[in-house]
Amino acid sequence: MARHHKRSSSSLTLRSESASSNDGSSSSDESSASSVDKRSSLASRKGSAKPRKLEKKPMSAYILSKANKTTNDRKGQGPIRSGREECMHVARWIPRGIDMFVILKDTFRIARYLEAEEAAKTSTDSEDEDVKRERKEALGVVTKDAQERHLRTYQRIVFSTPYLRTLIRGRHNRNKLETELNSILSEMQEIIGQIRSEDASHLKPFIGNYAVAQPGVKGLEPPIFSENKKSRARMGVNHPQLAGMLCPVKHVNAYHNNPKKVQEQLQNGEIRMNAAAWPALAYPGDPPGIDFNIEDIQEGFLKGHILKRVLRHIYTSPSSALIDDGELSVTRSGNAKLHGMYKVEAEHIAYALVQSRFGISSRDKWQETDGNYSYRDAYYRTIKAIREPFDEAWAEELLEWWNKAVFGNKRGVPLFDISDDDEDDDDLILMRKQSAKRAAAGTQVEVEPPFNPDISTVVPSTPATSPPPKEEPTLPQQKSVPKPRPVKPAEQLACKTLSSTPALASVPPPNADVLAASDKVKKRKSEELEVDGDGDSSLSEVESVSNSPVVPKRGKKGQKKTATAAATKKRKGRK
């Protein structure tokens, strides 16, 4: 029985190990793993175990593995993240800089319907009627403003996440890609909700100092303590100062004249507080909205001190919230730098407005509504007021004011910018103005031509607008002694005259002295030829003296005459 038990236990162990090896798992920590591997290898050699077949991976798995690799592995581009991690990183920025109340699955569905609608207009292929009808029904219940908002949010998210773009545009195994896409969007949606709640809870300890105009001089009365639930209950319309900030700006003057009466009207709902009425906290002043003019509602709108401090707290750092404008604070990297925010946009201002109002309210946890007040509607209405303004100059001036307050420059982060500030100290600005002035006058700076030693005359400089002067052809300088032409045999020299030599059109005829010297040289050479008895003997010497072209080679008779003349000269020398 004992032997039978041992055999059965060993066989069970062998089966379990072989099964685990087929599944791809390994147990390196166990001491018996090596012996089991040896037994399984011997069994496979004998043919008892069948070799495992290699399965081909589908194209969708290859696409996912390739897209999920590190997307930020270059030097200086921050931490290395996989495709999925990059999506989660972007999800932390979506509520702060893209869309605070976005529902990703709905946004992606509507935006892809819009893209398909545009593609169908230019495509020549036939489309399934069921798909076409489904798309029209889905887009029919969405307003034009909402469609534009969904498409803008979709494009910004997809541009920031290459992995999502790969999942959307992949063509192989669409079911698996869609499953992966929906899984990532669900995780991103959870992160968006967490970020909204985290920013709201982190603001609570600081909101008391941010609410007053001069926190170093005077605080809230009575004071509030964010960690105390009883103190939180006394915030919002239950606090005399905070109620005036939540009050619609149209009733703020009445509130300052009779605070208790208007506060009671706010508490019992007699004065309605909804997203259609801008709150007094969106305007500057001490208290906020004190200088509000009902005839000019946009004057000072979205320049309240609490908005500026909350936006700095969220996007740069809490330590920069209370500094003066233009003062720089040395802090660690904030959300603006981590997510590449280089200027203030409409979404940032709207997010600060929502978080500011929620921060001074009596709500303990984040909610999208506070009584009749909808934070969602207030958020989108604020963005629309900036992106689709009735006064373009007002919207442009507002964004410049915010960039100046947050980044110290009206155009945002000054990477390299030629601004109009400190014009007297900036030579680049002076160069730009001088260039514009010359272009307006239609003249340019006169530039002297470079010096040319071959040209003896001086050409005066002329403006670029006048036609260029006509250049007269100049004759080359005459040389003192011209090079002699190659000397030819006597019978050819007799019939050769000076007048028959071709002359260049640009070279003047030589003077009398030059001609006389040339005749003397020719006469002397001809006499030497007559004395020697053969003109060919001195031909090589004449050619060596002159720099004229080489005379063509002679035939056999000429070579014999040259050799005979050389031998005769040697004999005369010996005598």
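Note that this is a predicted model, so its numbers are computed, not measured. (Residues numbered from 1 in each chain as written. Predicted model: local features only at pLDDT ≥ 70, side-chain atom pairs only at ≥ 80, totals over all residues. Heavy atoms only, no water.)

A. Examining the overall build of the protein more closely. Helix and strand counts for the protein stand at 25 helices and 2 strands. At a minimum sequence separation of 6, the contacts of the protein that also span at least 24 residues come to 62%. As displayed, the protein offers around 39200 Å² of accessible surface, 52% of which is attributable to carbon and sulfur atoms. (Helix = DSSP H or I, 4+ residues; strand = E, 2+ residues; numbered from the N terminus. Contact = heavy atoms within 4.5 Å. Areas by Shrake-Rupley, 256 points an atom, 1.4 Å probe, with all protein chains shown as cover.)

B. Molecular detail of the packing of helix H4 (residues 83-91) against helix H10 (residues 174-203). At their nearest, the axes of H4 and H10 sit 9 Å apart, and the two run at 35° to each other. Judged by the twist between their axes, the crossing of H4 over H10 is right-handed. Residues Arg84, Cys87, Met88 and Ala91 of H4 touch H10, and the partners they reach there are Glu180, Ser183, Ile184, Glu187, Met188, Ile191 and Ile192. Tallied by class, residues from the contact of H4 with H10 come to 7 nonpolar, 1 polar and 3 charged. (Axes fitted to C-alpha atoms, helices over the stretch in contact; angles between N-to-C directions. Left-handed = near helix turned anticlockwise from the far one by under 90°. Nonpolar A, V, L, I, M, F, W, Y, C, P; charged D, E, K, R; others polar.)

C. Local environment of the packing of helix H16 (residues 305-315) against helix H18 (residues 346-359). The interhelical angle for the contact between H16 and H18, taken along N-to-C directions, is 105°, at an axis separation of 9 Å. What the angle tells us is that H16 and H18 run roughly perpendicular. The segment H16 lies against H18, with Ile306, Leu307, Val310, Leu311, Ile314 and Tyr315 engaging His348, Ile349, Tyr351, Ala352, Leu353, Gln355 and Ser356. Here the residues of the contact of H16 with H18 are counted per class, giving 10 nonpolar, 3 polar and no charged. (Parallel < 35°, antiparallel > 145°, perpendicular 65-115°, else oblique.)

D. View of the environment of Lys365. Checked against the element boundaries, Lys365 lands in the loop between H18 and strand E1 (369-370). Separated by 164 residues in the primary sequence, Lys365 and Ser201 have C-alpha atoms spaced 7.9 Å apart.

E. Geometry of the side chain of Arg357. You can see Arg357 is positioned in helix H18. Overall, the relative accessible area of 2% leaves Arg357 in the buried class. In this structure, Arg357 is in contact with Leu246, Met273, Leu281, Asp370, Tyr373 and Tyr375, ignoring residues within four places of it in sequence. (Buried < 20%, exposed > 50% of the residue type's maximum accessible area, 1.4 Å probe, protein only.)

F. Focus on the packing of aromatic side chains. With the rule as written, the count across this model stands at 17 aromatic pairs. Between Trp278 and Phe301, the aromatic rings sit 4.5 Å apart at their centres with planes inclined by 40°, giving tilted as the arrangement. Linking Trp278 in the loop between helix H15 (259-267) and H16 with Phe301 in the loop between H15 and H16, this pair joins segments that are 23 residues apart in sequence. Given the relative accessible area of 17%, Trp278 is considered buried. Judged by relative accessible area, Phe301 falls into the buried class, the value being 4%. Between Phe358 and Tyr375, the aromatic rings sit 6.2 Å apart at their centres with planes inclined by 75°, giving edge-to-face as the arrangement. Residue Phe358 is located in helix H18, and its partner Tyr375 is located in helix H19 (residues 375-387); the two are separated by 17 residues in the primary sequence. Tyr375 gets classed as buried once you look at its relative accessible area, which sits at 1%. These aromatic residues form a ring-pair network of at least three members: Phe101, Phe358, Trp366, Tyr373, Tyr375, Tyr379 and Tyr380. (Phe/Tyr/Trp six-rings, centres within 6.5 Å; stacked < 30°, edge-to-face > 60°.)

G. Representation of the side chain of Ser356. Mapped onto the elements, Ser356 comes out in helix H18. On the basis of relative accessible area, Ser356 is assigned to the buried category, the value being 0%. Not counting chain neighbours up to four residues away, the residues in contact with Ser356 comprise Leu281, Ile306, Leu307 and Val310.

H. Inspection of the nonpolar core at higher detail. The biggest cluster of nonpolar side chains holds 92 residues, and the ones touching the most others in it are Met188 and Ile306. For this core, the element with the highest residue contribution is H10, accounting for 10 residues. Every residue in contact with Met188, bar those within four places of it in the chain, is listed here: Cys87, Met88, Ala91, Ile94, Leu104, Ile157 and Leu164. Among the nonpolar cores identified, the runner-up in size contains 7 residues, and Ile110, Tyr113, Leu114 and Ala138 belong to it. (Core = buried A, V, L, I, M, F, W, Y, C linked by side-chain atoms within 4.5 Å.)

I. Broad picture of helix H6 (residues 104-122). For H6, with 19 residues, the first-to-last C-alpha span of 28 Å sits near the 27 Å given by 1.5 Å per residue. Those residues of H6 lying buried are Leu104, Thr107, Phe108, Ile110, Ala111, Tyr113 and Leu114. Where the residues of H6 are buried, they touch helix H5 (94-98), helix H7 (129-140), helix H8 (144-160), helix H9 (162-169) and H10. (Expected span 1.5 Å × (residues − 1).)

J. Focus on H8. End to end, H8 covers 25 Å across 17 residues, agreeing with the expected 24 Å (1.5 Å per residue, within 8%). Among the residues of H8, those classed as buried are Ala146, Gln147, His150, Thr153, Tyr154, Ile157 and Val158. Along the axis of H8, the buried residues cluster in a sector spanning 135°; they form a single face. Those residues of H8 that are exposed and angled more than 90 degrees off the buried face are Lys144 and Phe159. Against the buried residues of H8 lie H5, H6, H7, H9 and H10. (Arc of directions from axis to C-beta.)

K. Here's a closer look at unusual backbone geometry. The residue after Glu221, namely Pro222, is reached through a cis peptide bond having omega -5°. Secondary-structure assignment places Pro222 in the loop between helix H11 (207-211) and helix H12 (229-233). Along the chain, Asp286 connects to Pro287 via a cis peptide bond; the corresponding omega equals 0°. Structurally, Pro287 can be placed in the loop between H15 and H16. One non-glycine residue, Asn173, lies in positive phi territory at about 55°.

L. Spatial organisation of the pattern of salt bridges. Applying the stated criterion across every chain, the model contains 19 salt bridges. The partner of Asp370 in a salt bridge is Arg357, with the nearest N and O atoms 3.2 Å apart. Here the residue Asp370 occupies a position in strand E1, and Arg357 occupies one in helix H18, the gap between them amounting to 13 residues. We classify Asp370 as buried; its relative accessible area is 18%. Three or more residues are tied together by salt bridges with common partners; here these are Arg156, Glu345, Glu347 and Arg387. (Salt bridge = Lys/Arg side-chain N within 4 Å of Asp/Glu carboxyl O.)

M. Structural context of the environment of Gln214. With respect to the secondary-structure elements, Gln214 resides in the loop between H11 and H12. Its relative accessible area of 46% is what places Gln214 among the partly exposed residues. Considered as a pair, Gln214 and His305 are 91 residues apart in the sequence and their alpha carbons are 9.7 Å apart.

N. Seen up close, the confidence of the model for the protein. Overall, the predicted model of the protein reaches an average pLDDT of 75, with 60% of residues at or above 70. Across residues 69-76, where pLDDT falls below 50, the model places 16 contacts with residues more than four positions away in sequence or in other chains. Predicted confidence is poor over residues 416-420, with pLDDT under 50, and the contacts of this stretch with residues over four places away or in other chains come to 10 contacts. (pLDDT = per-residue confidence, 0-100.)

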